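Overview (structure and organization)
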Amino acid sequence: EDQVTQSPEALRLQEGESSSLNCSYTVSGLRGLFWYRQDPGKGPEFLFTLYSAGEEKEKERLKATLTKKESFLHITAPKPEDSATYLCAVQAGNDYKLSFGAGTTVTVRA
Amino acid sequence: DTGVSQDPRHKITKRGQNVTFRCDPISEHNRLYWYRQTLGQGPEFLTYFQNEAQLEKSRLLSDRFSAERPKGSFSTLEIQRTEQGDSAMYLCASSLGFSNQPQHFGDGTRLSIL
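Conventions we followed
Residues numbered from 1 in each chain as written. Chains lettered and ligands numbered in written order. Predicted model: local features only at pLDDT ≥ 70, side-chain atom pairs only at ≥ 80, totals over all residues. Heavy atoms only, no water. Helix = DSSP H or I, 4+ residues; strand = E, 2+ residues; numbered from the N terminus. Rg over C-alpha atoms; globule rule 2.2 N^0.38 Å. Buried < 20%, exposed > 50% of the residue type's maximum accessible area, 1.4 Å probe, protein only. Contact = heavy atoms within 4.5 Å. Pairing = 2+ DSSP bridges. Axes fitted to C-alpha atoms, helices over the stretch in contact; angles between N-to-C directions. Disulfide = S-S within 2.5 Å. Buried area = accessible area lost by both parts, 1.4 Å probe. Salt bridge = Lys/Arg side-chain N within 4 Å of Asp/Glu carboxyl O. Polar contact = N/O pair within 3.5 Å; in protein donor to acceptor, adjacent residues only side chain to side chain. Nonpolar A, V, L, I, M, F, W, Y, C, P; charged D, E, K, R; others polar.

This part is about the overall build of chain B. Helix and strand counts for chain B stand at zero helices and eleven strands. Starting at the N terminus, the α and β elements of chain B follow one another as β-β-β-β-β-β-β-β-β-β-β. Its C-alpha atoms give chain B a radius of gyration of 13 Å, near enough to 13 Å, the size a compact globule of 114 residues would have. Dimensions of chain B, computed from C-alpha atoms along their principal axes, come out at roughly 40 × 25 × 25 Å. Considering chain B as a whole, with its 114 residues, one finds that 46% of them fall into the buried category. Within chain B, contacts between residues separated by at least 24 positions form 53% of all contacts whose residues are at least 6 apart in sequence.

What follows deals with the pairing of strand 11 (residues 104-109) of chain A. All names here are of chain A. Of the two faces of strand 11, the one lined by T104, V106 and V108 is fully buried and the one lined by T105, T107 and R109 carries no buried residue. The pairing of strand 2 (residues 10-14) with strand 11 spans five bridges and is classified as parallel. The residue of strand 11 that forms the bridge with L13 is V108.

Residue and element names in this part refer to chain B. The four strands lie next to each other as 1-3-8-7, forming an open sheet whose pairing is antiparallel. The outermost strands of the open sheet, each flanked by one partner alone, are strand 1 (5-7) and strand 7 (65-68). Taking each pair of neighbouring strands and ignoring which way they run, the sheet shows an average axis angle of 15°. The pairing of strand 3 (residues 19-24) with strand 8 (residues 75-79) spans five bridges and is classified as antiparallel. In the strand pairing of strand 8, F21 is matched with L77.

All names here are of chain A. Overall, the coordinates contain two disulfides over all chains when judged by the stated rule. Covalently, C23 is tied to C88 through a disulfide, its sulfur atoms 1.9 Å apart. On the sign convention where negative is left-handed, the bridge of C23 and C88, at about -60° about the S-S bond, is left-handed. Highlighted residues: C23 in strand 3 (residues 19-26) and C88 in strand 9 (residues 84-92), separated in sequence by 65 residues. Each member of the pair, C23 together with C88, is buried.

Before going further, it helps to examine the interface of chain A and chain B. Contact residues are listed per partner, giving 22 residues for chain A and 24 residues for chain B. Taking both sides of the interface into account, the surface hidden between chain A and chain B amounts to around 1,700 Å²; carbon and sulfur atoms contribute 50%. Counting the surface chain A buries against chain B, the share from its top three residues, Y96(A), K97(A) and F100(A), is 30%. The tally of links between chain A and chain B comes to two salt bridges. Linking K97(A) and E56(B) is a salt bridge whose minimum nitrogen-to-oxygen distance equals 3.3 Å. Counting every contact that joins chain A to chain B gives eight residue pairs in polar contact (both at pLDDT 80 or more). Counting residues per element, the ones that place at least two in the side of chain A that touches chain B are strand 4 (30-38), strand 5 (45-50) and strand 9 of chain A. Of the residues in the side of chain A that touches chain B, the class split is ten nonpolar, seven polar and five charged.

All names here are of chain A. Strands sit in the order 1-3-8-7-6 across an open sheet of five strands; the sheet is antiparallel. In the strand order of this sheet, the two ends are held by strand 1 (3-7) and strand 6 (56-59), each with one partner. The mean inter-strand angle of the sheet, taken between neighbouring strand axes irrespective of direction, is 15°. For strand 7 (residues 62-66) and strand 8 (residues 70-75), the ladder comprises five bridges, and the chain directions are antiparallel. Residue T65 lies in a different strand from strand 8, and its bridge partner there is F72.

Structure, rendered in structure tokens:
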């Protein structure tokens, strides 16, 4: 069974204080690792897909990287509007479903 | 912006009642997924459709749950004889039919069982 573990559970940052979120996974035949952002009361919003170890994707202050066992989401010089829960999910084998981690809730204080 | 649309956004019902939720996917997407999310957890897969065919169902989907996607467009998720444990956010997502395509989510239906 696919396992996805995210750490830390919560992260409180000062505006401008860069940090990283971790997503560790155990799957058989990774087809894709997905990062989503979720605001309270909303559905997850797609950020990135990573397909193979060594791949990197960037969007504004966010950068996602992938190794064979984990992915990192780096937040550079965060702003209060980056406050959200960040979810990591994997798609593996012949499945089309996503298996999600529990998320990291990021709070950025001005 | 024609994203994934879910209706209703909130549903409050008494234990034992039946409820039905609707999802309208992004128009060109032929895959449609249902997930359930409880507080502090990530979404959990329930079932998915390719066009009108239901191709996979999770063990989480008990006999009280049924999903349909007539004509391969919108989908409905029905819960019969609701229980306290059914209280959750029910999320719908859709994607193109190619491998590794990202799933795009609606804002969900929050179900509360009294």
